[in-house]
Structures are given as C-alpha cells and as structure tokens.
Amino acid sequence: MSIKPFDRPDTYYESPVLTFPEPRSFSLSIRATALVFEDPKSRELLDRLERIAPSSASALIIGETGTGKELIARHIHALSERGNRSFVAVNCASLSESLIETELFGHERGAFTGAVSEKAGWFETAHGGTLFLDEIGDLPPSIQVKLLRVLQEREVVRVGSRKSIPINVRMIAATNVDLKAAVQAGRFREDLYYRLSVAPIYLPPLRERPGDILPLAHHYLRIYAERIGQAEAHISPEAERRMQEYSWPGNIRELENVIHYALLVCPGATLRPEDLHFSAASTQQSAVAPAAQPESDELERALRNLFDKNPPSLYDLVEKTTISTAYNFCERNQVHTARLLNISRNVLRARLIRYQLL
Ligand SMILES: Nc1ncnc2c1ncn2[C@@H]1O[C@H](COP(=O)(O)OP(=O)(O)OP(=O)(O)O)[C@@H](O)[C@H]1O
Ligand SMILES: [Mg+2]
C-alpha cells in the first residue's frame, strides 16, 4: 500500500491517492483501485484507520449509503497482518433468515432438506482473515444471538452438527442505520453492539467533507475518460460549482455515476452543468422529511374517496400501491426505496416478494 500523487500532473495536482498493490486481486469493482482522501476530515479518518488496522479488534463502520464502507473495510484488512488472507464480505440484508444462518455458520450433510453435502460457512472460509458483515442492522434477532455466541466462544458449530470448530476471524461490520437507536428500540442486541463496536469508525457523508468532492470528480473523470479512450476531459468551473453545492445523498457512488454519465452525454471535452444529472430520488430527499400536515390531509382525502368506492382488500391495495409506487419512483433501487419509506430493507424485500414486485 503506497501513497502516491496522481501520475497525470496536468489533471489533478497533488491529491493523495492510495493505490492497492494488486488492484485486480480484490473483487469490489475495477473502479475501486484507489482511494481519494483529500478533505481534512478524510485525512484524519485515514490516520485513524492506520492506527486501528494492525490490531484484530472488531470494527464497526457507520456511514450513509455510498460513503465507502466496504472500501474502508477492505482497506483495514489490507493494512492488517491478515492482508494476505481471505476477506469475506456478506450482505446481511440480501439473505433470508434461514439462508444467512447456513451461509454464516455452514451446515452438515442432511441438516435440512436439500443439504446434499456438507458446507463450510463464511466464518470458516474467513479463517485467519477478515469477515465483513454489511448492513448488520438487518440481522434477524435469532442470528444476532448465534453471532454473539460465535464471537464470545471463538468457535462455530455448523447447522446440524454438535462439533465446534475453532475460528480466528477479525470482524468488521457496517451499518447505514443508527444502530444505537436500533438497540434502544429493542431491534438490536446491546451486548452484540458492544462486541462489534470495539473500534467504531464514523464515515462522514460527502456533504460533510466537501474537500473530497472535486478530487473525487477528477479522479473518476480520469478513470472513465481513459476507459472510453478519450484523451482529455475537463470540468467547467460552473459544473464544479454545482457539484460543490449539491448535497450528494447517494455520496461517492452517486458522484461516480454522475461523472460517468456526464462523460457519455457531453458533446465536447469539458463537462458542462447541463451534463450533470443528479439523481431524481435524491433531489426529492428533502421532500420526504417529516410528514407535514398538508400531505396527510391530501392522503386522508384520497383514502376517504377510496372508502366511498369500497374496493376489495383495501388495506392490501393501499400497502401494495405505496410499495410499488415508491419502488418505481426510486427506479427499482431497494436501498433508496427503503430509505424513502423509512423501513428496513428486509421489510421492504418481504413486501416486494409478497406483492410479486421482484
Ligand atoms: N475514498 C474513496 N476514493 C475513491 N472511491 C471511493 C472512495 N470511497 C468509496 N469509493 C467508491 O464509492 C463507491 C461506493 O463505495 P462502497 O461500496 O464501499 O460504499 P458503501 O458505503 O459500502 O455503500 P452501500 O451502503 O450502498 O453498501 C465504490 O465504487 C467505491 O469504489
Ligand atoms: Mg456496502
């Protein structure tokens, strides 16, 4: 891991970039070959990561969607002495309760219908390395208990087995919801929370580290211009100003997409303000904030009209319409839809499945 300036002196001055020695060897995305840390807040974060990395302490990364939680987790892993062992990343929100149990802890042959052979879980796969549990806030309560036991005992028992297998794994968890609030609301175990957050790492949203916006924009401009074989690409001062003023609710991932798209639609070599397409769902964000009275009045009127017509299964109809309209509004992006409706991604997925919207 080395810090080096951009190798194109004409593009973006002395922005420090962290380059992974074998970028292709890590599977996140081919874009994620370097990290930009320019804002003083990001530099501070980088220092902290370097201090935390060598220990095997569990880390909890807290940050909004697209702030780079997975990238940071991989960075901690790469900087630690486990760096040449496996890094296993699991998204807790994308799996059903039964699947997550067998995937995490493994299972014996015949443990359940369809378990035709034995299978090691991710804990075993990550032995000697790092296990990254993303969206930990979505972990079902029964799995939270089992996870706590594994972390306390440092051994796993496969589903359908009695034998415990010792494991040596560093845990890094990530969340984009306020886990402390989830603890207070009784949705997340307090003992597990403390066990996971020995080293808490708060990843600020992009709007709180404005010094990163332009270096990241130029970083992605260089990458995407190269990829499409364009010799040079620039950003007009007005487009830069717009980017600095924007709130970036989708954070770095959104910025990357905005630059990529702008480059594709821009007729010349300089990105103009009109080439920048900020996401529709995100620009609506302020409108989703606390439900104001006029909105609930409007909703009440619509419901009263519906009651007059007395359609069948009214409650299901209202729920299905809410879910499907929000899902389409967010261009079928589950993370955005869950955020818009202020429900967890697990609950959203369950509804999408129930109403056959997936
Ligand atoms: N410091 C950085 N420098 C350059 N690129 C970055 C940096 N941080 C994040 N990225 C890029 O931003 C994108 C989002 O990062 P990542 O997937 O790690 O975010 P996340 O917080 O895990 O998002 P989500 O909550 O949606 O899972 C990736 O393409 C990643 O390469
Ligand atoms: Mg992630």
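In this text the structure is predicted, and so the values were computed from the model without any measurement.

The rules we used
Every chain is numbered independently, its residues counted from 1 as its sequence is written. To label them, take the chains in the order written and letter them from A, then take the ligands in the order written and number them from 1. Selection of residues for local features in this predicted model requires a pLDDT of at least 70, selection of side-chain atom pairs for listing and counting requires 80 or more, and totals for whole chains, interfaces and linings are taken over all residues. Based on all heavy atoms of the structure, the side-chain values leave hydrogens and waters out of the count. Working definition: helices are DSSP H or I runs of at least four residues, strands are E runs of at least two. Numbering for both runs from the N terminus. For every residue, the accessible area (1.4 Å probe, protein chains only) is compared with the maximum for its type, and the residue is labelled buried under 20%, exposed over 50%, or partly exposed between those bounds. All accessibility values rest on the Shrake-Rupley procedure with a 1.4 Å probe; residue burial counts only the protein chains present in the view. The span one expects for a helix is its residue count, reduced by one, times 1.5 Å. Arc definition: directions from the helix axis to the C-beta atoms. By the convention used here, residues are in contact when the closest approach between their heavy atoms is within 4.5 Å. Only when DSSP finds a minimum of two bridges between them are two strands counted as paired. Lines fitted to the C-alpha atoms define the axes, with helices restricted to the stretch that makes contact. Angles between their N-to-C directions range from 0 to 180 degrees.

Caption draft 1: Structural view of the overall build of the chain. Secondary structure summary: the chain contains 16 helices and twelve strands in total. Split into buried and exposed, the 358 residues of the chain put 44% on the buried side. With an accessible surface of roughly 19000 Å², the chain has 51% of that area assigned to carbon and sulfur atoms.

Caption draft 2: Representation of helix α5 (residues 141-153) within the structure. Taking 1.5 Å of rise per residue, 13 residues should cover 18 Å, and α5 covers 19 Å from first to last C-alpha, within 8% of that figure. Residues Ile 143, Gln 144, Leu 147, Leu 148, Val 150 and Leu 151 constitute the buried set of α5. One side of α5 carries all its buried residues, which in axial view fall inside an arc of 165 degrees. Where α5 is buried, its residues contact α3 (97-105), α4 (122-125), β6 (130-134), β7 (155-157), β9 (170-175) and α7 (190-196). Phi for Arg 154, located one or two positions after α5, is positive at around 55 degrees.

Caption draft 3: Expanded view of the sheet that holds strand β5 (residues 87-91). In space, the five strands of this open sheet follow the order β5-β6-β9-β4-β10, with parallel pairing throughout. Either end of the sheet is taken by a strand with one partner, and the two such strands are β5 and β10 (199-203). This sheet shows a mean twist of 15 degrees between the axes of neighbouring strands, independent of strand direction. Relative to β6, β5 runs parallel, the two being bridged by five bridges. Within the sheet, the bridge partner assigned to Val 90 lies in β6 and is Leu 133.

Caption draft 4: Main features of the environment of Pro 140. Tracing the chain through its elements places Pro 140 in the loop between β6 and α5. The spacing of Pro 140 and Phe 188 is 48 residues in sequence and 8.6 Å in space, taken between C-alpha atoms.

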